[in-house]
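# Coordinate analysis (summary)
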Amino acid sequence: MLVTAGQTFNILVVDDDEDDFFITSSLLAEVSEYDFKVSWCPSYKGALAQLQTNLYNLVLADYRLGGKTGADLIEEAIQNGIDIPIILLTGKGNVEIDKNAMDRGAYDYLLKSDINPQSLERSIRYAFTRYKSLKAVQKSENKYRAMFENSKDAMFTLNEKLEVVDINDVAITIIGLEKTQVTGEAFYKLFKNEIEIKEILLEVDEYNELIDEEIMLQILDGNERQGLLTLTCEKDAEAKRYYQGVFHDITELKKAEQSNLLAEKFEATQRFVKMLAHEIRNPLNNILLSIDNLNTFDYSNKDVYIDIVKRNSLRINDLIGKLLESFKIVDIELERVNFKDLIQDALVSIYDRLTLKGVVMKKQINELVTIKADEERLKLALVNFFVNAIEAMEENKGILLITVVEKQSTIDLIIRDNGCGMDESQQQRLFEPYFTTKKTGVGLGLSSAMAILRSHNATVEIESEVNKGTAFTIGFPKSKF
Ligand code: ADP
Ligand code: MG
């Protein structure tokens, strides 16, 4: 209990000798600065029980307490979470005993033979002052501990060997191991890209601090987290270096950015196509009308030419019609459907292609997952992804992996192939109408698929490496209704 001026201080004297207690309490009565209420407890066990009551501001404990000592009492009190300053009264000067008592948590010690009101007062004042400052430190420590534990960012401290000393729950979640597995381990060894991480950590020795360095953590479970690392190098009381780190995870942010970019691109293309179609259609209508008029005159062979013009005009018109169709977001009806069944249905229509190409298909789909979808349209969109994957893979070497993963706010469908892959520039143009790298390709598959996915509020992410393969992650929003 913290004491304030003008208050009565409750002191417990623990001494198995009543005469000694009498002497101590009369000395306390002579201390003029404080107003003491002194209580007596003659036994070790009794003292522990008294301390639990939390009634006392200070304890004066004799060193000898039957079979136990005052130092034992201090230690046991601390172990029991008792938070009261204890001053030890020792029989005769013994430096070892005194030192040992201080090490075990005594606030001060007084030689019984030397006690007088002045030394008592000084010792008590000293104990209170120390108690107060310890409380203040504890308070600020608790504050920082709470900040550390409750931080939304991953936080950790490392010793000079870059081993984990302390780590918060956010960091533990990212790393995906138990706290006990991580503590004491070299921090960089917790990642696949350990050499790179170690280099980054050591950079701080040169610059003293790193601020918001963008890094990629390759987690041992195969995931990746992108984020900003702030790291400082400090020195502890023994002048040993230690490191404090904060990792601000921006993986989701980056994903959202990418998906936003794709959406913007799509919208820009949509505007362009509409404009283009409109501009072409008007003159085209005029051509058609003129031809109809031309038809009324009698020229030889005119029918043949007119037919050609008309056929081609119609073809262009038809093409533009198809192009527009691929972008049209008709009023779709979203209904809750079983995702596995929907995927299964979409796969039925590509079964022959799969077999012909000798593709091995693997599926990991939870039976019970549902999403909100327009079944027929979404099937069409998925078929486009499946067909592209099959076309990208070599005969009898293809592996098509279809996975559904339930995330916190999305249901993700991952379509992964081990086909030809795409380079950066191909990935950029993927959803543009008429973009194709195939001899007989039209290049409208993915742009129309994208239109359908967008009306499902789904996001699309691409991961692709040339000659390795491609993975499309389509994220459907989880909705309760
Ligand atoms: P198309 O299939 O008619 O070429 P798409 O819109 O379906 O048109 O696809 C556009 C282009 O995107 C393809 O020509 C191909 O270059 C690339 N592509 C799409 N999916 C994949 C994939 N899984 N692997 C490699 N390239 C792909
Ligand atoms: Mg295609």
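Since this is a predicted model, take the numbers as computed values, not measurements.

## Brief notes about the packing of helix α13 (residues 375–392) against helix α15 (residues 445–455)
The contact between α13 and α15 brings their axes to 9 Å, and the two run at 145 degrees. As α13 runs across α15, the sense of the crossing is left-handed. Contacts between α13 and α15 pair Arg377, Leu378, Leu380, Ala381, Asn384, Phe385 and Asn388 from the former with Gly445, Leu446, Ser448, Ala449, Ile452 and Leu453 from the latter.

## Brief notes about the pattern of salt bridges
The tally for this structure, following the rule as stated, stands at 23 salt bridges. The residue Asp15 makes a salt bridge to Lys112 at a minimum N-O spacing of 3.2 Å. With Asp15 in the loop between β1 (8–14) and α1 (18–30) and Lys112 in the loop between β7 (108–111) and α5 (117–150), this pair connects stretches of sequence that are 97 residues apart. You can call Asp15 buried: its relative accessible area is 0%. Put simply, Arg429 and Glu432 hold a salt bridge, and the shortest N to O gap is 3.3 Å.

## A few points about helix α8 (residues 194–207)
With 14 residues, α8 extends 20 Å from end C-alpha to end C-alpha; this agrees with the ideal 20 Å at 1.5 Å per step. When α8 is considered as a whole, its buried residues turn out to be Ile197, Ile200, Leu201 and Val204. The buried side chains of α8 occupy one side of the element, clustering within an arc of 95 degrees when seen end-on. Exposed side of α8, more than 90 degrees from the buried face: Ile195, Glu199 and Glu206 are the residues found there. Contacts from the buried residues of α8 go to β8 (154–158), β10 (209–218), β11 (224–235) and β12 (241–249). Of the residues trailing α8, Asn208 is marked for its positive phi of about 70 degrees.

## Topic: the site of ligand 1
Neighbouring ligand 1 are 20 residues; Asn388, Thr436, Thr437, Lys438 and Leu446 lie closest to it. Lys438 places a polar side-chain atom, nitrogen or oxygen, 2.8 Å from an oxygen atom of ligand 1. With respect to ligand 1, the backbone of Gly443 contributes an N or O atom lying 2.9 Å from an oxygen atom. Contributing elements (two or more residues each) for the shell around ligand 1: α13, α15 and β19 (469–477). Of the residues belonging to the shell around ligand 1, the class tally is 9 nonpolar, 9 polar and 2 charged.

## Some details on the domain arrangement of the chain
According to the domain assignment, the chain contains domain 1 (8–145), domain 2 (151–249), domain 3 (255–327) and domain 4 (335–477). Computed over C-alpha atoms only, the centres of domain 1 and domain 4 are separated by 75 Å.

## Structural notes on the packing of helix α2 (residues 44–52) against helix α3 (residues 70–79)
α3 packs onto α2 with a crossing angle of 35 degrees between their chain directions and a minimal axis gap of 11 Å. The element α2 and its partner α3 pack so that their crossing is right-handed. Here α2 contributes Tyr44, Ala47, Leu48 and Leu51 to the contact with α3, which in turn contributes Asp72, Leu73, Glu76 and Ala77.

## Here's the deal with the sheet that holds strand β2 (residues 35–41)
Taken together, 5 strands build an open sheet; the order of strands is β2-β1-β3-β6-β7 and the sheet is parallel. The outermost strands of the open sheet, each flanked by one partner alone, are β2 and β7. Geometrically, the sheet is characterised by an average inter-axis angle of 25 degrees between neighbouring strands, direction not taken into account. In the sheet, strand β6 (residues 86–90) pairs with β7 via 4 bridges, with the strands oriented parallel. Note that in β7 the partner of Leu88 across the bridge is Tyr109. This element, α3, spans β1, β3 (58–62) and β6 of the sheet and lies at about 165 degrees to β6.

What counts, and at which threshold
- Residues numbered from 1 in each chain as written.
- Chains lettered and ligands numbered in written order.
- Predicted model: local features only at pLDDT ≥ 70, side-chain atom pairs only at ≥ 80, totals over all residues.
- Heavy atoms only, no water.
- Axes fitted to C-alpha atoms, helices over the stretch in contact; angles between N-to-C directions.
- Helix = DSSP H or I, 4+ residues; strand = E, 2+ residues; numbered from the N terminus.
- Left-handed = near helix turned anticlockwise from the far one by under 90°.
- Contact = heavy atoms within 4.5 Å.
- Salt bridge = Lys/Arg side-chain N within 4 Å of Asp/Glu carboxyl O.
- Buried < 20%, exposed > 50% of the residue type's maximum accessible area, 1.4 Å probe, protein only.
- Expected span 1.5 Å × (residues − 1).
- Arc of directions from axis to C-beta.
- Near = heavy atom within 4 Å.
- Polar contact = N/O pair within 3.5 Å; in protein donor to acceptor, adjacent residues only side chain to side chain.
- Nonpolar A, V, L, I, M, F, W, Y, C, P; charged D, E, K, R; others polar.
- Domains from an automatic or database assignment.
- Pairing = 2+ DSSP bridges.

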